[in-house]
Each structure stands twice: as structure tokens, then as C-alpha cells.
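Observations on the model geometry
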Amino acid sequence: MSKPVIGILTSREGKRFAEPAYFRRLIREGRNLGAVVFLFSPDDVRENSRRVRGFTPAVQGGWEERWYPWPDVAIDRFRYSPTPAFKRYAAFRKRSGLLFANNRLAHKWNVHQVLWQDERMRKWLPETYAYDSSRLQTMLRKHRSVYVKPSNGTGGRDILKIEQKGGGFLLQGHNQQRSRRSAELSGARELARWVDRWVKNKKFLIQQGLDLQLIPGHNVDLRLLIQKNGEGNWSITGAGARVGGKKNIASNLHAGGKAVPAAQFLTPLFGREQAEAILRECRDLAFQTVETIENHYGRMMEQGLDIGVDVNGRVWLIEVNPKPGREIFREMRQRQNYLESIRKPLQYALYLTRSMAKIHSS
């Protein structure tokens, strides 16, 4: 019996890939599970002959290429970028006919609307709207602070926090290069002009600010990874608290944050009983989120949830990441969780191939 073939769809420039360390481990673990695993981009697919130019780690370093048969299942790790390559990817996803382990997720505003339509989700969702300058003024009348962030984007880029200070406003942000920007403005009109320059006519969200400074001067959130396993069922792989740098508006590890096991972090702050209740609610939130998303967007494989716990212990869903990283487990020295986070997508892909084989043989 031939080995199952798993293709990892991603972007590439020559033989350079966006997540090389993760992809090397993914391919190695796939081989350990008895599968043929390779990387490919939309430009590598010959749809008429159903052959794919794939890339695997070379013994001497770098990547080697060869032609592979049509994958039994594909895992999509192609990340958003405002480029022609992304447009080719989107068109390829629509027409390819490949069996994907994970469907695409829309931009953050659409995802928020889908979640908001499910009444079971509403208690966890901060007030959020598509950005426009008039909405900014309305939100600042209701909330002491708001966040303006891109509808497509990751890693804490282009996020802006606006806080009322005296009779004016304090602005703190990270631009596309993650460099810090700040300003103090006196009036609403000046604020609108400044923020309009920040968003540059792109799609942005405006979101209710939350008091997540569980440590004074440091923003904190939880990253929870929920993945499907080898039986096709959702399971939580792990969760960690991300503690942002001093006076840093983002808690991302990219932006200098530190990772601590979630229970270890929450227990001294809230006490054991309340910390356990918070983590149970985070689990409930995770399972409800993936159910709601799958009901609308179709089959998913994994989701990284950014969850806020405010100073009163209330739980909030800040963001959903359909192609999450897993470096938080390495930061916390949780080797088993880290390996599990890599294996689960492969185990789920193999589950899909077995399921499809049963359907075709019946």
C-alpha cells in the first residue's frame, strides 16, 4: 500500500519559505507518521497532469525539489499579504479541487460578524466595528480607550491604541515594521486626521479597549491552541499567558512579550478557585468558537485564540488565528505540547485520508 501524500501549501520566493523551522519539523514528523510530506506553492501545481513540484529539507541544508503525485490532502499555511502572489493563491484555492484540511477564514471584521450572530458568543466579544472616523468618536465617548487594528494582519503590526488623557488623547502604536509610534493630541479633529493617515484607506477595525494590565504597565493575554486530533475531534493542546513588554501595547512574542503557563500565571493573581474557573471558561469559549466558525466557514483544522482576561477576571475573545504559530510552547519549555502541536495537524490530515478512502471504497 502506498504512503499517504500530504502537501503543505505556502508561499515561497525561490527556495525561501516563511516558516522554515516549523516546516522542517512538520515534514520530519510527517515522515515519522508514515506519510510523504512536502511544501508547495500555487505556482508549483500542474493541474492538467495532477503533479506537484514539492520541496523538502536537503541533507546539506536548504531545500531540494522534485515532482510528486497529487496530494491526498493539503494543509493550507499560506498567509495573507497584499501581493499578486496572494491573489493567485486565492484563485487557486477556489478552483484546485484539492482536499484541504482547513478552509479559508475571512478577514477579521467578517469573522467578528459571524461570531456576533451566534448569541452564545456575544458575552465574550468586545464591541467591534469596521473603522471610520465618525465611529471612532462614538466609541471614544463610550470607552476610555479603543484599539484600531488591521482587518488582515498578524504579529502586532499596525496596531494603534487610543486613550483619553485629560482633555486630549494619547496614541501608542506599532507600525508595519513593529517600530513604536506615539503622539499626544488635543482635539477630536486632529485625532481623526492622525488616525486616517495611520489606516491609509485600508480595511481596519475599531475595538473596545480592555484593561488587561494584570501586571501594572504590562498588557497580558492568553494564547490558547485548539486543534483536531487523529480521530477528527477538537482538543485543546495548551494555553499560555503572554506578558507584554513594559508600556508595550501588544503582548505578542514578536513584540518582546514573554510566555508563562496560563494556570501558573493566573493563580497568584486571582487565587486557585477563580483561576480554575477562568480557565474552564476559556475552554468553553474555545470549543464554542470553533463550532461557530465551522458551522459558517466549513472544515477547520486548528485555531489559535487570543483571549483577554481583564482585571476583574472577565474573559474576552480578542482574535481568532486560523494559521497559528506554536512557539509559545517552546518559550514555556513545554516540549510535549510543542511536539503535539506539530503532530496533530498531520494526524488529522491522515484521518481525513482514511475517511475519504472509506467513502470511495464503499
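Located above this text is the structure these notes cover.
Residues numbered from 1 in each chain as written. Predicted model: local features only at pLDDT ≥ 70, side-chain atom pairs only at ≥ 80, totals over all residues. Heavy atoms only, no water.

Quick notes on unusual backbone geometry
Going by this rule: Numbering goes from the N terminus for both helices and strands, where a helix is a DSSP run of H or I of at least four residues and a strand is a run of E of at least two.
The phi angle at Arg-50 is positive, at roughly 55 degrees, despite the residue not being glycine. Along the chain, Arg-50 falls in the loop between β5 (45-46) and β6 (51-57). A positive phi is found at Arg-333, a non-glycine position, where the angle reads about 60 degrees. Structurally, Arg-333 is set in the loop between α8 (327-331) and α9 (335-361).

Concerning the nonpolar core
Selection rule: By nonpolar core we mean a set of buried residues, namely Ala, Val, Leu, Ile, Met, Phe, Trp, Tyr and Cys, connected to one another through side-chain atoms within 4.5 Å. The classification of residues rests on relative accessible area computed with a 1.4 Å probe and restricted to protein chains. Under 20% of the type maximum is buried, over 50% is exposed, and intermediate values are partly exposed. Between two residues, a contact is recorded if the distance between any of their heavy atoms is within 4.5 Å.
Residues Leu-115, Leu-222, Phe-265, Leu-266, Ile-307 and Leu-317 are the most contacted members of the largest nonpolar core, which totals 36 residues. Breaking this core down by element, the ones donating at least two residues are α3 (108-117), β15 (220-228), β16 (234-243), α6 (262-270), α7 (272-297), β18 (302-309) and β19 (315-321). Top contributing element to this core by residue count: α7, with 8 residues. Aside from chain neighbours lying at most four places away, what touches Leu-266 is Leu-214, Leu-222, Gly-271, Ala-275, Ile-278 and Leu-279. Membership of the second largest hydrophobic core comes to 29 residues, among which are Ile-6, Ile-27, Val-73 and Ala-259.

A look at helix α5 (residues 188-199)
To be explicit about the condition: Expected span, for any helix, means 1.5 Å times one less than how many residues it has. Directions are taken from the helix axis to each C-beta atom, and the arc is the one they span.
Over its 12 residues, α5 extends 16 Å from the first C-alpha to the last, a length consistent with the 16 Å expected when each residue adds 1.5 Å. Restricting attention to buried positions, one finds in α5 the residues Leu-191, Ala-192, Trp-194, Val-195, Trp-198 and Val-199. Relative to the axis of α5, the buried residues are bounded by an arc of 165 degrees and lie together on one face. Turned more than 90 degrees off the buried face of α5, the exposed positions are Arg-189 and Arg-197. Where α5 is buried, its residues contact α4 (133-142), β10 (145-150), β11 (159-165), β12 (168-174), β13 (180-185) and β14 (204-208). With its phi angle positive at about 50 degrees, Lys-200 sits one or two positions after the end of α5.

Thoughts on the sheet that holds β13
What counts here: Here, strands pair whenever DSSP counts at least two bridges between them. A fitted line through C-alpha atoms serves as each axis, taken over the contacting stretch for helices, and the angle formed by two N-to-C directions is quoted from 0 to 180°.
Spatially, 6 strands are ordered β9-β14-β10-β11-β12-β13 in an open sheet, and the strand pairing comes out antiparallel. Here the strands that pair on one side only, and so sit at the sheet edges, are β9 (128-130) and β13. Averaged over all pairs of adjacent strands, the angle between their axes in this sheet comes to 20 degrees, without regard to strand direction. With 4 bridges joining them, β10 and β11 adopt antiparallel strand pairing. Following the sheet pairing, Ser-145 is matched in β11 by Glu-163. Where α4 meets the sheet, it contacts β9, β10, β11, β12 and β14, and its direction lies at approximately 10 degrees from that of β14. Across the face of the sheet, α5 comes into contact with β10, β11, β12, β13 and β14 while running at roughly 10 degrees to β12.

So, the packing of α3 against α7
Here is the rule we go by: Here roughly perpendicular refers to angles of 65 to 115 degrees, roughly parallel to angles under 35, roughly antiparallel to angles over 145, and oblique to all remaining angles. Any residue that is not Ala, Val, Leu, Ile, Met, Phe, Trp, Tyr, Cys, Pro, Asp, Glu, Lys or Arg is counted as polar, Gly included; the first ten are nonpolar and the last four charged.
Where α3 contacts α7, the axes come no closer than 10 Å and their chain directions differ by 110 degrees. In terms of orientation, α3 lies roughly perpendicular with respect to α7. Taken together, the residues of α7 that come into contact with α3 (itself represented by Asn-110, Val-111, Val-114 and Leu-115) are Thr-289, Thr-292, Ile-293, His-296 and Tyr-297. Per-class residue counts for the contact of α3 with α7 are 5 nonpolar, 4 polar and no charged.

So, to be careful, I would describe these as geometric facts and stop short of saying anything about function.
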